[in-house]
Amino acid sequence: MGEQKNVGIVIVSHSAKVAEGAADMVRQMVGDSVPLAAVGGNADGGLGTDVGAIVGAIDKAWSEQGVAILVDLGGAETNSEMAVEMMPEERRERIVICNAPLVEGAVMAATEASGGSSLDAVRATAEELMGG
Amino acid sequence: MDQDFKRRLIGAMADAVIAHAEELTALDSAIGDGDHGLNMKRGFEAVLAEADTIAAKPLPDALKAIGMALVMKVGGASGPLYGTLAMGLGKALPAEPTAAEAAMALARAIEDVKARGKSDAGQKTMLDVLIPVQAAFAANGDDLATRLPAVAAQAADATVPMKAIRGRASFLGERSIGHMDPGARSSSLLVQAICSVFNEA
């Protein structure tokens, strides 16, 4: 587990392999300095996303500084929003879903987070990729 | 609403989705990621597995339980969308609603679905069936359970020439035109299933 002082990163993909691969790339950049969790696949192990697993990933990557979620396609975003709403109220405002590409966004967000940046700064760094 | 009636409603909805799973998947393969039928089948199989427990609950709690099962099991965007619809109905309905109360509850639940999907009418989604069905339901009159399935089927057909704005189908842009929206079709199937139980009553 990472240090609680840095923002946590959650990767949500339709594919378990994409999620694992993106998490490997994040680890290569930031090591264990950022709490990280990655989930992919539906409840049957096929392509899709699983709200319960996303809730578990947010718990795993939880940091008092908050958690930034990176998603791939539509259902990952909708299911992540649902997962955020299922979290305890005092946590919800410290969780953001970034409007950013999954792999690049996760690496950029984690790099920003590893320097101790705030949740807003982490999100902004990931979302800058969309402006390029 | 008694337990047996709720049990039959659950059975009819699940049967309709399961029986049409391949058709829904084929529709979704044309313009989406081809998982709608399987996802909805998985969700409704989970609901069916708990049908007796769910049917024993008061109507609002039963709907919340159905919504939660769909959210947790469907695995695609349709899980949160149908889950939000069912949970929204559960929040808005009294235990023994009149038709007018049910129509009003459906209107509120549709607003929840719009917010969840960041979508609205005319974007080639389930809303293009739910909105006209709610309007016909609210207008009331005779033979609702006979008329609403026809309204739903026509509304689903009307999504064929629409261009998708939301969801995976929107990636196709103009190429989404000419196919029925799978979410519109599954909504139409659920309306038909619910009305068939009311027609038997």
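Thresholds applied
Residues numbered from 1 in each chain as written. Chains lettered and ligands numbered in written order. Predicted model: local features only at pLDDT ≥ 70, side-chain atom pairs only at ≥ 80, totals over all residues. Heavy atoms only, no water. Helix = DSSP H or I, 4+ residues; strand = E, 2+ residues; numbered from the N terminus. Rg over C-alpha atoms; globule rule 2.2 N^0.38 Å. Buried < 20%, exposed > 50% of the residue type's maximum accessible area, 1.4 Å probe, protein only. Contact = heavy atoms within 4.5 Å. Areas by Shrake-Rupley, 256 points an atom, 1.4 Å probe, with all protein chains shown as cover. Lys, Arg positive; Asp, Glu negative; His and termini not counted. Charge placed at Lys NZ, Arg CZ, Asp CG, Glu CD. Pairing = 2+ DSSP bridges. Axes fitted to C-alpha atoms, helices over the stretch in contact; angles between N-to-C directions. Core = buried A, V, L, I, M, F, W, Y, C linked by side-chain atoms within 4.5 Å. Expected span 1.5 Å × (residues − 1). Buried area = accessible area lost by both parts, 1.4 Å probe. Polar contact = N/O pair within 3.5 Å; in protein donor to acceptor, adjacent residues only side chain to side chain. Parallel < 35°, antiparallel > 145°, perpendicular 65-115°, else oblique. Nonpolar A, V, L, I, M, F, W, Y, C, P; charged D, E, K, R; others polar. Phe/Tyr/Trp six-rings, centres within 6.5 Å; stacked < 30°, edge-to-face > 60°. Lys NZ or Arg CZ within 6 Å of the ring centre and 35° of its normal.

Digging into the overall build of chain A
Part 1 of the reasoning: Counting secondary structure elements, chain A contains 6 helices and 4 strands.
Part 2 of the reasoning: On C-alpha atoms alone, chain A measures out to a radius of gyration of 13 Å, which is about the 14 Å that the 2.2 N^0.38 rule sets for 132 residues.
Part 3 of the reasoning: For chain A, the spread of C-alpha atoms along the three principal axes comes to 35 × 30 × 30 Å.
Part 4 of the reasoning: Buried residues in chain A amount to 52% of all 132 residues.
Part 5 of the reasoning: Residue pairs in contact within chain A that sit at least 24 positions apart in sequence constitute 78% of those at least 6 positions apart.
Part 6 of the reasoning: Working note: accessible area of chain A is about 5700 Å², and carbon and sulfur atoms make up 49% of it.
Part 7 of the reasoning: Here chain A holds 8 positive side-chain charges and 20 negative ones, and the gap between their average locations is 5 Å.

A short note on the sheet that holds strand 3 (residues 67-71) of chain A
Residues and elements named next belong to chain A.
Part 1 of the reasoning: Strands sit in the order 2-1-3-4 across an open sheet of 4 strands; the sheet is parallel. The open sheet has two free edges, formed respectively by strand 2 (36-40) and strand 4 (95-98), since each of these has just one partner strand. Strand-to-strand twist across the sheet, computed as the mean angle between neighbouring axes with direction ignored, equals 20 degrees.
Part 2 of the reasoning: In terms of strand pairing, strand 1 (residues 8-13) meets strand 3 through 5 bridges, oriented parallel. Paired with G8 across the bridge in strand 3 is V67.

Remarks on the nonpolar core
Part 1 of the reasoning: Grouped together as the largest cluster of nonpolar side chains are 56 residues, with contacts concentrated most on F44(B), V47(B), I66(B), L85(B) and L148(B).
Part 2 of the reasoning: Here this core gets 8 residues from one element, more than from any other, and that element is helix 1 (residues 3-19) of chain B.
Part 3 of the reasoning: Residue contacts for I66(B): discarding those within four places in its chain leaves I10(B), M13(B), V47(B), I54(B) and A86(B).
Part 4 of the reasoning: One finds I9(A), A23(A), L70(A) and A113(A) within the second-largest nonpolar core, a separate group that totals 24 residues.

Re helix 8 (residues 127-139) of chain B
Residues and elements named next belong to chain B.
Part 1 of the reasoning: With 13 residues, helix 8 extends 18 Å from end C-alpha to end C-alpha; this agrees with the ideal 18 Å at 1.5 Å per step.
Part 2 of the reasoning: Along helix 8, the residues that are buried comprise L127, D128, V129, L130, V133, Q134, A136 and F137.
Part 3 of the reasoning: Lining the buried residues of helix 8 we find helix 6 (78-92), helix 7 (99-117), helix 9 (144-157) and helix 10 (182-200).
Part 4 of the reasoning: Phi turns positive, to about 60 degrees, at N140, one or two residues after helix 8.

Some details on the interface of chain A and chain B
Part 1 of the reasoning: Contacts between the two partners involve 17 residues from chain A, matched on the other side by 15 residues from chain B.
Part 2 of the reasoning: In total, chain A and chain B occlude about 1400 Å² of area from one another, counting both sides; carbon and sulfur atoms represent 55% of this.
Part 3 of the reasoning: The largest contributions to the chain A side of the interface with chain B come from L73(A), T78(A) and M82(A), which together make up 32% of the buried area.
Part 4 of the reasoning: Here chain A and chain B share 6 residue pairs in polar contact (both at pLDDT 80 or more) between them.
Part 5 of the reasoning: In terms of residues, the side of chain A that touches chain B owes the most to one element, helix 3 (residues 74-85) of chain A, which gives 7 residues.

With respect to the packing of helix 3 of chain A against helix 6 of chain B
Part 1 of the reasoning: Packing of helix 3 of chain A against helix 6 of chain B brings their axes to within 10 Å, and their N-to-C directions diverge by 40 degrees. When the axis of helix 3 of chain A is compared with that of helix 6 of chain B, the two are oblique. The segment helix 3 of chain A lies against helix 6 of chain B, with T78(A), N79(A) and M82(A) engaging P80(B), T84(B) and M87(B).
Part 2 of the reasoning: Taken together, the residues that form the contact of helix 3 of chain A with helix 6 of chain B break down as 3 nonpolar, 3 polar and no charged.

Here's the deal with the packing of aromatic side chains
Part 1 of the reasoning: Within this structure, the stated rule accounts for 1 aromatic pair over all chains.
Part 2 of the reasoning: Centre to centre, the rings of F5(B) and F198(B) are 5.0 Å apart; their planes meet at 75 degrees, and the pair counts as edge-to-face. Here F5(B) is found in helix 1, whereas its partner F198(B) is found in helix 10, with 193 residues between them in sequence.
Part 3 of the reasoning: According to the relative accessible area criterion, F5(B) is buried, its value standing at 10%.
Part 4 of the reasoning: Here the guanidinium or amino end of R91(A) rests over the ring plane of W62(A), the centre of that ring lying 4.3 Å away.

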